[in-house]
Amino acid sequence: MEGTIFDIKEFSIHDGPGMRVTVFMKGCPLRCVWCHNPEGLKAGPQLLYRKNLCSHCGNCQMPCGHSECRPWGKCIHACANGCLTVSGQTVTEREAAERVMEYREFFNLAEGGVTVSGGEPLLQADFVCALAKQLCGIHRAIQTSGYAEEETYVRVINHFDLIMQDIKLADPEMHRKYTGVDNAPILRNIQYLKKSGKQYVFRVPLIPEITDTAENLMRISEIVGDDPVELLKYNPLAGAKYDMAGMQFSLGELRNREDRFESYFQNAILVK
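Predicted, not measured: the structure shown is a model, and the values here were computed from it.

What counts as what
Residues numbered from 1 in each chain as written. Predicted model: local features only at pLDDT ≥ 70, side-chain atom pairs only at ≥ 80, totals over all residues. Heavy atoms only, no water. Patch = residues over 30% accessible without salt bridge, like charges linked within 9 Å, V, L, I, M, F, W, Y side chains within 5 Å. Areas by Shrake-Rupley, 256 points an atom, 1.4 Å probe, with all protein chains shown as cover. Salt bridge = Lys/Arg side-chain N within 4 Å of Asp/Glu carboxyl O. Lys, Arg positive; Asp, Glu negative; His and termini not counted. Charge placed at Lys NZ, Arg CZ, Asp CG, Glu CD. Helix = DSSP H or I, 4+ residues; strand = E, 2+ residues; numbered from the N terminus. Buried < 20%, exposed > 50% of the residue type's maximum accessible area, 1.4 Å probe, protein only. Contact = heavy atoms within 4.5 Å. Pairing = 2+ DSSP bridges. Phe/Tyr/Trp six-rings, centres within 6.5 Å; stacked < 30°, edge-to-face > 60°. Arc of directions from axis to C-beta.

Visitor: Honestly, a negative patch on the surface in this entry has me stumped. Any pointers?
Guide: The grouping of Glu2, Asp7, Glu10, Glu95, Glu98 and Glu102 at the surface amounts to a negative patch. Counting residues per element, the negative patch draws most heavily on strand 1 (residues 2–12), at 3 residues. By secondary structure assignment, the location of Glu10 is in strand 1. Residue class for Glu10 comes out partly exposed when judged on its relative accessible area of 30%.

Visitor: Looking at this model, I keep getting lost on the pattern of salt bridges. Mind explaining?
Guide: Proximity of charged atoms lets side chains of opposite charge pair with each other. What the rule picks out here adds up to 11 salt bridges. Glu151 serves as the salt-bridge partner of Arg155, at 3.1 Å between the closest nitrogen and oxygen. Within this pair, Arg155 and its partner Glu151 are both found in helix 4 (residues 150–157), separated by 4 residues, close to a single helical turn. Owing to a relative accessible area of 30%, Arg155 belongs among the partly exposed residues under this scheme. Where Glu230 meets Arg203, a salt bridge forms, and the shortest distance between an N and an O atom there is 2.9 Å. Here Arg203 lies in strand 9 (residues 199–206) and Glu230 lies in strand 10 (residues 229–233), a separation of 27 residues in the sequence. Accessibility classification places Glu230 together with Arg203 in one group, the buried group. Among the ionic contacts, a cluster of salt bridges with common partners joins Asp166, Lys168, Arg203 and Glu230.

Visitor: Teacher, can you tell me more about the environment of Ser12 here?
Guide: With respect to the helices and strands, the residue Ser12 is situated in strand 1. Apart from the residues lying within four places of it in its own chain, the contact partners of Ser12 are Gly18, Met19, Arg20 and Thr22.

Visitor: Just checking my understanding: could you explain the pairing of strand 3 (residues 46–49) for this structure?
Guide: Taken residue by residue, a regular strand's side chains alternate between the two faces of the sheet. Alternating positions in strand 3 separate cleanly, Gln46 and Leu48 being buried on one face and Leu47 and Tyr49 remaining unburied on the opposite face. Pairing geometry for strand 3 and strand 4 (residues 84–87), over 4 bridges, is antiparallel. When the sheet's bridge partners are listed, Leu47 is paired in strand 4 with Val86.

Visitor: Mind showing me how you'd approach unusual backbone geometry here?
Guide: Glycine aside, a negative phi is what most residues show, and trans is what most peptide bonds show. The omega angle of the peptide bond from Gly118 to Gly119 is 20°, so this bond is cis rather than trans. In this fold, Gly119 is placed in the loop between strand 6 (113–117) and helix 3 (125–134). Despite not being glycine, Phe11 has its phi angle at roughly 60°, a positive value. As for its placement among the helices and strands, Phe11 is situated in strand 1. One non-glycine residue with positive phi stands out, namely Glu209, at about 70°. Tracing the backbone through its elements, the reader meets Glu209 in the loop between strand 9 and helix 7 (214–224). Exposure remark for Glu209: the relative accessible area of 53% places this residue in the exposed category.

Visitor: When you look at the packing of aromatic side chains in this model, what are you seeing that I'm missing?
Guide: Any two aromatic rings considered together are summarised by their centre-to-centre distance and by the angle between their planes. The full count for this structure, using the stated rule, is 5 aromatic pairs. Seen from their ring centres, Tyr200 and Phe202 are 5.4 Å apart, and the 70° between their planes marks the pair as edge-to-face. Neither Tyr200 nor Phe202 differs from the other in exposure class; each is buried. Ring plane angle 45° and centroid distance 4.7 Å describe the contact between Tyr242 and Phe249, whose orientation is recorded as tilted. The buried category is assigned to Tyr242, whose relative accessible area is 4%. Taken together, the aromatic side chains of Phe11, Tyr103 and Phe106 make up a single cluster linked through ring pairs.

Visitor: I'm lost on the environment of Tyr178 in this one. Help?
Guide: In this fold, Tyr178 is placed in helix 5 (residues 172–179). C-alpha separation for the pair Tyr178 and Lys168, spaced 10 residues apart in sequence, amounts to 9.5 Å. Residues within four places of Tyr178 in sequence aside, it is in contact with Arg31, Cys32, Val33, Trp34, Leu169 and Ile210.

Visitor: Honestly, helix 7 in this entry has me stumped. Any pointers?
Guide: Given 3.6 residues to a turn, an α-helix orients residues that are three or four positions apart in the same direction. Of the residues making up helix 7, those classed as buried are Asn216, Leu217, Ile220, Ser221 and Val224. Down the axis of helix 7, the buried set is contained in an arc of 135°. They therefore lie on one face. Along helix 7, the residues that are exposed and aim more than 90 degrees away from the buried face are Glu215 and Glu222. Close packing links the buried residues of helix 7 with helix 6 (184–195), strand 9 and strand 10.

Encoded structure:
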């Protein structure tokens, strides 16, 4: 089984309990205007270009014999400044598992494990299930928007010990406006999750003037009830990656406002 990933990050401390390795899956059906991993949105590999480092020497335009360079029409190895990189590589579940298993002893000492994130892992459900089977004996967590058919959602989360379930906007119209998709499948899958017996935590990204409004937070609190919640601060540095991917970041400079959050989630875990 093959899948496309765009990163494997070691020593992550914000993607589940303990110290973890996070596998980032490529591709996402959502288009959240605040996305902090734009290089993970497209399903296939893509060329990233750091134009601020480019000296316009033209070396990348010279002919080369590298098979990995052919899709891009330029040599990705020729730039001395490191302007060109490819986001996305195809791996088998065994290859990905072997890289994770290198840290198995560390997981045992640090009470950590592996987290599958994205992008959206449910978009590559077969690969994610196959990878999870290869990681038996390690604590397995998944970060997901929950946007998928119920059968897919159920099949995938049953392979994991902890489900980190996003909930961004409660209002369907607002959800379509800011993420590009309806939230009905997400809310349906959340109801399944709450009855599943799995360990889970809801994650709410606090995007100024979008998700952090009083109305949205109150409506989300009604959905999650007394379940555990993580409130995720907006990362203004994410915009720098959009230019590399040839995309525009529409949010610009925004600031978090922390004075309104805790009153809506009595059991919230505030991520700093």
